[in-house]
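Here is what each chain is made of, one letter per residue.
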Amino acid sequence: MDFALWKTSKPGEPAWDSPWGRGRPGWHIECSVMATAVLGDKLDIHAGGVDLRFPHHDNEIAQSEAYFQCDSWVNYFLHSGHLTISGCKMSKSLKNFITIKEALTQYTARQIRLMFLLHSWRSTLDYSPDVMDIAIKFEKTLKEFFLTVKDLIRSAGNSHPKWTADDLSLRDKYFASKQKIHEALCDSVDTRTAMDNIRDIIGSTNVYIQERVAAKAQAHPALLQHISLYLTRMMRVFGVIDSDESIGFTVGDKSGNVEETILPYVSALADFRELVRKEAREVKAANILQFCDRIRDDVLPNLGVRLEDREGQPPAVKLVDKNELMKEREAKLQAEEEKRVEKERKKREIEEARLAKERQMRVPPSELFRSQTDKFSLFDDKGMPTHDHEGKEISKGQLKKLEKLYQTHEAKFKELAAQNGNALPNGNAS
């Protein structure tokens, strides 16, 4: 070990009188004294950045164990990885640091928590828009999962269907992932692996739901409830959910259960709209269907309600943050506009290509190659090139290809003339 217990203070540094002269404590002993003054002569967990592992923490151990005459001053050392920006360690000197307050102006606290949970605390984490996009997508996956499951459980009512082979298969996958999550958290709080398994549970459940819907069969409500309650509890443990909501995230403020209050009314409206749509389809009343679409796309999103029409099934009713729905609506409108613009662009390209082809067909065969002065310099009476732009004679192989192009164009030129009543495109009679 190599450390100084007491150092002479430099100008401007704090200083105290001591038997060794006026000075200050060394860095390592300073931390050892502060830690033991607050926590005593035995620490359970001591944390710090990975760069403090050596020499700082090793020196703290040497000092403290020598002073307290023990062989285990700390039970567990936790060394976290660095947080970097664009591959560089955060540093005030590099002016590449960002405060939590600044980060919260761009992202929510939940999204930032998810970013950290999706990475190992022992590894370097590069803070960037791409990394945050992963966290935002994971948040959306969680939200959509909880909304879908709550709707299915609500639609099932008090039914208690028998367990099918598909139900049991999902149950087994769910239990296996639960065990992996437990093992990951017991293994040095490996949240990254835990979150990967949570993603697997959601993926398997979504596939199960899609298959049940496609088969027009009911997803087992008790199984869905068990899975969603477990995931909600895990998100609450991770600090991602801070409410007492039984399943998923809180909608609106936390003063009451908004879903229990509002959903009965919204569901009644959704059922009535579905009956109207059914009648409108039978009598082919397109204007009525448009009104129904307007309720789904324009009216309800402004109230924080997402209505999802499902073929052969009642519509799904989901309460979502109004601002989130407005962003979804704006993104949808923008995508539709981009699609329309792209369609118009392709339409123009096709028309321009058609007109260019038609203009090319109107060129007399004798003039087909004469305009290509960057390639040819001399031509025969028929307009066929005889020499290239450097004055060299055209080879027999190349001349054969040019003759084939000439014949093809001549045939199209005569075909166009026939369509114009045997009047050649240049106005001459054939």
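Residues numbered from 1 in each chain as written. Predicted model: local features only at pLDDT ≥ 70, side-chain atom pairs only at ≥ 80, totals over all residues. Heavy atoms only, no water.

Q: Before we move on, could you go through the layout of surface pockets and cite the residues and values that matter?
A: Roughly 960 Å³ of internal volume is contained in the largest pocket. Taken together, 33 residues make up the lining of the largest pocket; nearest its centre are Arg110, Glu139, Lys143, Asp321 and Glu324. Within the residue set of the lining of the largest pocket, elements represented by two or more residues are helix H4 (109-117), helix H5 (129-156) and helix H11 (322-361). Here the lining of the largest pocket gets eight residues from one element, more than from any other, and that element is H5. Of the residues in the lining of the largest pocket, the class split is 11 nonpolar, eight polar and 14 charged. In this structure, the second largest pocket encloses a volume near 310 Å³. Lining the second largest pocket we find 14 residues, and of these Arg296, Asp297, Pro301, Arg329 and Lys332 sit closest to its centre. If you list the elements that add at least two residues to the lining of the second largest pocket, you get helix H10 (286-299), strand S8 (305-310) and H11. Sorting elements by how many residues they give to the lining of the second largest pocket places H11 first, with six residues. Of the residues assigned to the lining of the second largest pocket, the class counts are five nonpolar, no polar and nine charged. (1 Å grid on protein atoms, 1.4 Å probe; cavity = no way out; pocket = protein on both sides within 12 Å on 5 of 7 lines; lining within 4 Å. Points joined across faces, edges and corners; volume = space filled by probe spheres on them. Helix = DSSP H or I, 4+ residues; strand = E, 2+ residues; numbered from the N terminus. Nonpolar A, V, L, I, M, F, W, Y, C, P; charged D, E, K, R; others polar.)

Q: Give a detailed account of the pairing of strand S10 (residues 376-379), specifying residues and quantitative values.
A: In terms of strand pairing, S10 meets strand S11 (residues 385-388) through three bridges, oriented antiparallel. Residue pairing for S11: Phe376 is matched across the bridge by Asp388. A loop of five residues connects S10 with S11, the two strands running antiparallel in sequence, and Gly383 in this loop sits at a positive phi of about 95 degrees. (Pairing = 2+ DSSP bridges.)

Q: Give a description of H4 that names residues and reports values.
A: Each α-helix winds once per 3.6 residues, and so residues spaced three or four apart point in a common direction. Along H4, the positions that sit buried rather than exposed are Gln111, Ile112, Leu114, Met115 and Leu117. Taken together, the buried residues of H4 touch helix H3 (100-103), strand S7 (125-127), H5 and helix H7 (191-214). (Buried < 20%, exposed > 50% of the residue type's maximum accessible area, 1.4 Å probe, protein only. Contact = heavy atoms within 4.5 Å.)

Q: Summarise the sheet that holds S7; cite the residues concerned and give the values.
A: With respect to topology, three strands assemble into an open sheet ordered S6-S5-S7, the strand pairing being mixed. This sheet does not close on itself; its edge strands, each paired only once, are strand S6 (88-89) and S7. With two bridges joining them, strand S5 (residues 83-85) and S6 adopt antiparallel strand pairing. Across the sheet, residue Ile85 finds its bridge partner in S6, namely Cys88.

Q: I'd like to hear about the nonpolar core, residue by residue, with values.
A: Counting 44 residues, the largest nonpolar core has Met195, Ile198, Leu231 and Phe238 as the members making the most contacts within it. Those elements that place two or more of their residues in this core are H4, S7, H5, helix H6 (165-186), H7 and helix H8 (221-237). Top contributing element to this core by residue count: H5, with 10 residues. With nine residues, the next largest nonpolar core counts Val266, Val305, Val317 and Leu319 among its residues. (Core = buried A, V, L, I, M, F, W, Y, C linked by side-chain atoms within 4.5 Å.)

Q: Quick one: what's the story with the pattern of salt bridges, residue by residue and with numbers?
A: Tallied over the entire structure, the rule returns 32 salt bridges. For the salt bridge of Asp298 with Arg329, the shortest nitrogen-to-oxygen distance reads 2.8 Å. Of this pair, Asp298 sits in helix H10 while Arg329 sits in helix H11, and the two are 31 residues apart along the sequence. For Asp298, a relative accessible area of 28% translates into the label partly exposed. Among the ionic pairs, Arg354 bridges to Glu358, the shortest N-O distance being 3.2 Å. Here Glu358 and Arg354 lie together in helix H11, a separation of four residues that amounts to about one turn. Arg354 sits in the partly exposed class, given a relative accessible area of 40%. A network of salt bridges, in which partner residues are shared, links Arg273, Glu274, Arg277, Asp293, Arg296, Asp297, Asp309 and Lys332. (Salt bridge = Lys/Arg side-chain N within 4 Å of Asp/Glu carboxyl O.)

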